[in-house]
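Geometric and topological summary
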Amino acid sequence: MGIATALTNAKLGLSASARLADTISNNVSNAMTPGFGRRSTEINSLSLGGLGSGARIGATTRTEAPYLTTERRALDASLGATATRSDSYARLLEAFGEPGSPGALSTLATRLETILMSATASPQSQAKLTDAVMAAKSVAEAIASIADETVQLRTEADAEIGRQVGRVNVALEAVQDINRKIASLALQGVDTTGLQDERHRIIDGIASIIPLRTVSRDNGQLSLYAQNGGALLDGRIFPLEFTPATGPVTAEMGVGTGLSGLSQDQGASTGPVPVPVATGRGLFDGGSLAALFEVRDSIVPEFSAEMDVYAGDMVARFRDSVPAAALDGAGQGLFIETSTGPAAGLAGRIGLNPAVDPAAGGAVWRLRDGLSAAVPGAEGFGTYLQALADAMVVPRAPGGLGSQTAANGGATMASEIASFFAGRATRSDEDRSYLTARLSVLDERETNRIGVDTDAELQSLILVEQSYAANARVLSVADDLLKLLMEV
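Note that the structure is a prediction, hence the values are computed from the model and not measured.

Thresholds, definitions, all that
Residues numbered from 1 in each chain as written. Predicted model: local features only at pLDDT ≥ 70, side-chain atom pairs only at ≥ 80, totals over all residues. Heavy atoms only, no water. Helix = DSSP H or I, 4+ residues; strand = E, 2+ residues; numbered from the N terminus. Rg over C-alpha atoms; globule rule 2.2 N^0.38 Å. Contact = heavy atoms within 4.5 Å. Lys, Arg positive; Asp, Glu negative; His and termini not counted. Charge placed at Lys NZ, Arg CZ, Asp CG, Glu CD. Core = buried A, V, L, I, M, F, W, Y, C linked by side-chain atoms within 4.5 Å. Buried < 20%, exposed > 50% of the residue type's maximum accessible area, 1.4 Å probe, protein only. Phe/Tyr/Trp six-rings, centres within 6.5 Å; stacked < 30°, edge-to-face > 60°. Axes fitted to C-alpha atoms, helices over the stretch in contact; angles between N-to-C directions. Parallel < 35°, antiparallel > 145°, perpendicular 65-115°, else oblique. Nonpolar A, V, L, I, M, F, W, Y, C, P; charged D, E, K, R; others polar. Pairing = 2+ DSSP bridges. Salt bridge = Lys/Arg side-chain N within 4 Å of Asp/Glu carboxyl O. Left-handed = near helix turned anticlockwise from the far one by under 90°. Expected span 1.5 Å × (residues − 1).

1. Here we look at the overall build of the protein chain
Helices and strands together make up the secondary structure of the protein chain, namely 11 helices and 13 strands. What you see for the protein chain is a C-alpha radius of gyration of 36 Å, clearly larger than the 23 Å of a compact globule of 488 residues, by over 25%. Oriented by its inertia axes, the alpha-carbon framework of the protein chain measures out at about 140 × 50 × 35 Å. Here the analysis covers contacts within the protein chain between residues at least 6 apart in sequence; of these, 64% occur between residues at least 24 apart. Of note, the protein chain has its 39 positive side-chain charges centred 4 Å away from the centre of its 55 negative side-chain charges.

2. Notes on the nonpolar core
The tendency in soluble globular proteins is for nonpolar side chains to be buried side by side. One finds Leu 105, Ile 143, Phe 318 and Phe 335 to be the most contacted residues of the largest nonpolar core, which totals 92 residues. It is helix H4 (residues 126-187) that contributes the most residues to this core, 21 residues altogether. Apart from the residues within four sequence positions on either side, Phe 318 is in contact with Leu 112, Leu 116, Leu 327, Gly 333, Leu 334, Phe 335, Leu 388, Ala 391 and Met 392. If you look at the next biggest cluster of nonpolar residues, it comprises eight residues, including Leu 68, Leu 435, Leu 442 and Ile 450.

3. A short note on the packing of aromatic side chains
On inspection of all chains with the given rule, the structure shows six aromatic pairs. Summarising the aromatic geometry, the rings of Phe 318 and Phe 335 are spaced 5.4 Å apart at their centres and angled 70° between planes, so their arrangement reads as edge-to-face. Remark: Phe 335 occurs in strand E12 (residues 335-337) and Phe 318 occurs in helix H6 (residues 288-320); sequence separation between them is 17 residues. Here Phe 318 matches Phe 335 in class, with each residue buried. Ring geometry for Phe 420 against Phe 421: centres 5.1 Å apart, planes inclined by 90°, an arrangement best described as edge-to-face. Note on Phe 420: relative accessible area 26%, which makes it partly exposed. In textbook terms, an aromatic cluster arises when at least three aromatic residues are bridged by ring pairs, as seen for Phe 96, Phe 303, Phe 420 and Phe 421.

4. Some details on the packing of H6 against helix H10 (residues 410-450)
Interhelical geometry of H6 versus H10 gives an angle of 175° and a closest axis separation of 11 Å. The orientation of H6 relative to H10 falls into the category roughly antiparallel. Across from Glu 302, Phe 303, Glu 306, Tyr 310, Asp 313, Met 314 and Arg 317 in H6, the residues of H10 making contact are Gly 410, Ala 411, Met 413, Ala 414, Ile 417, Phe 420, Phe 421 and Arg 424. Looking at the contact of H6 with H10 residue by residue, the class counts come to nine nonpolar, one polar and five charged.

5. Regarding the sheet that holds strand E3 (residues 212-216)
Pairing is antiparallel in the open sheet, where four strands are placed in the order E3-E4-E5-E6. With one partner strand each, in any of the chains shown, E3 and strand E6 (236-237) form the two edges of the open sheet. Pairing of strand E5 (residues 231-234) with E6 involves two bridges; the strand directions are antiparallel. Directly across from Asp 234, in E6, lies its bridge partner Arg 236. On top of the sheet, H4 reaches strand E4 (222-226), E5 and E6; it is set at about 20° to E5, its chief contact.

6. Section: the side chain of Arg 366
Relative to the elements of secondary structure, Arg 366 occurs in helix H8 (residues 366-369). Asp 369 is the oppositely charged side chain nearest to the buried, salt-bridge-free Arg 366, at an N-O distance of 8.2 Å. Setting aside chain neighbours within four positions, we find Arg 366 in contact with Ala 355, Val 356, Leu 371, Ala 373 and Ala 374.

7. Focus on the pattern of salt bridges
Evaluation of the coordinates by the stated rule reveals 27 salt bridges. As a salt-bridge pair, Arg 72 and Glu 446 come within 2.7 Å of each other at their nearest N and O atoms. Highlighted residues: Arg 72 in helix H2 (residues 66-96) and Glu 446 in helix H10, separated in sequence by 374 residues. Grouping residues by exposure puts Arg 72 and Glu 446 together as buried. Across the salt bridge formed by Asp 234 and Arg 217, the nearest N and O atoms sit 2.9 Å from each other. Separated by 17 residues along the polypeptide, Asp 234 in strand E5 and Arg 217 in the loop between E3 and E4 bring together distant segments of the chain. Counted as one network, the salt bridges with shared partners bring together Arg 72, Arg 73, Asp 76, Asp 204 and Glu 446.

8. Here we look at the sheet that holds strand E11 (residues 273-275)
Across the sheet, which stays open at both edges, the three strands sit in the order E7-E10-E11 with antiparallel pairing between neighbours. The open sheet is flanked by strand E7 (240-241) and E11, the only strands paired with a single partner. Sheet analysis places E7 next to strand E10 (residues 262-264), joined by two bridges and oriented antiparallel. Across the sheet, Leu 240 pairs through a bridge with Gln 264, a residue of E10.

9. Points about the packing of H6 against helix H9 (residues 383-393)
Between H6 and H9, the least distance of the axes is 9 Å, while the angle of their chain directions is 145°. You can see that H6 and H9 cross each other, and the crossing is right-handed. Each of Met 314, Arg 317 and Phe 318 in H6 lies in contact with H9, whose residues at this interface are Leu 388, Ala 391, Met 392 and Val 393. Residue classes in the contact of H6 with H9 are distributed as six nonpolar, no polar and one charged.

10. Some points on helix H1 (residues 3-29)
If you check H1, its first and last C-alpha atoms are 39 Å apart, about what 27 residues at 1.5 Å a residue would give, namely 39 Å. Along H1, the positions that sit buried rather than exposed are Ala 6, Asn 9, Ala 10, Gly 13, Leu 14, Ala 16, Ser 17, Thr 23, Ile 24 and Asn 27.

11. Observations concerning unusual backbone geometry
Located in the positive-phi region is Asn 219, a residue other than glycine, with phi close to 60°. Relative to the helices and strands, Asn 219 resides in the loop between E3 and E4. When its relative accessible area of 40% is taken as the criterion, Asn 219 is described as partly exposed. We note that Ala 278 has phi near 60°; this positive angle belongs to a residue other than glycine. Residue placement: Ala 278 occurs in the loop between E11 and H6. For Ala 278, a relative accessible area of 35% corresponds to the partly exposed category.

Structural data, given as structure tokens:
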């Protein structure tokens, strides 16, 4: 090997060592950067005419773990969907109240039952009559308050759908822009790993909304599809479209009747195409977006329907199970359906009969003497009070209630509704805990695969240091040899 060849090889060796040192230092400095994929620089031996001619520096690439990343993103979406459902059940149960806790509907219904029985024993007691009226009013207000919360929850879900659709579309635009930059820079031989990191982070940012899978294309570009096959980005963007409601989402509203469904621009000349969602088989099901549609169009309406049936039962049991003489002039009982309310649906319109409500000009003694009584009657008369107490506890068939099948009294019905939805909430919470644990493990595995191990990087740096010193020594020796030759 000639001195010139030795100098060339040493120079190439120093360049390779410098490039490796640059890659390692970049890895170490970004060890804590979210979404950063470890870089590796390829070094190959160079030969000419069968003889070693130094080292050739290859491309610097970003470490990928396609299977782990795809699985982790799928779990992100599943957790996003489960968390959305779990949070909605928590809100509904909080509005309903935990049985036995103060302010819970079942507690208030039980209190009304107890106070009516107590008033029956002492019909002359003005205080007990007042307590009974206030207890009945609390029940009506609690039912209406729950209806308010269902409207609020559906309204928030509808607004969040709009926000998430916007986030997805913005992310698609960003990925498309990065795709173009990567394709352009790759043709120029420029390092694009930083752009790949940014693209990875953007896709991760929407992975919980829609379960995603990526498809590699030419020149480092990526296409995006939903796990169920819906195209989002492939050469062009296929944006999602949704129109949020302009006001509160009340019980009678649905898709096509005041609410928007999900649609997508699929390139059809006729415009955006409606996309089924929250069916279990929809193209974009599986993440928080579909779960929000489920909350808005299924979970909350089902709960609202239960509350409407319960409100109807309370109106009917105090109208149909008491003597006609105990009703008001319109044939209404202790609870009535008001003409207006805070929300559509009977639960939002239930109210206390004004005949017994002092705040509405009524009198509590009518609870004892009949809602249509013009003047107080005998203070010892307890027949109607007994009928009211019996009406509260009489088992009635749960027509229309999905939470129960047996006939129950008013307080028991409320407890059964709470137990039914608490069971669903518990299952959702269990799924959430399970998915959280799985995601933590999978995330750690992915990080171990594509993340930076600083110990391993520093060990590699020691080898680079040794290689650098060895190549520098070759240069020094070659220099000494040249000096000898010059002295000859």
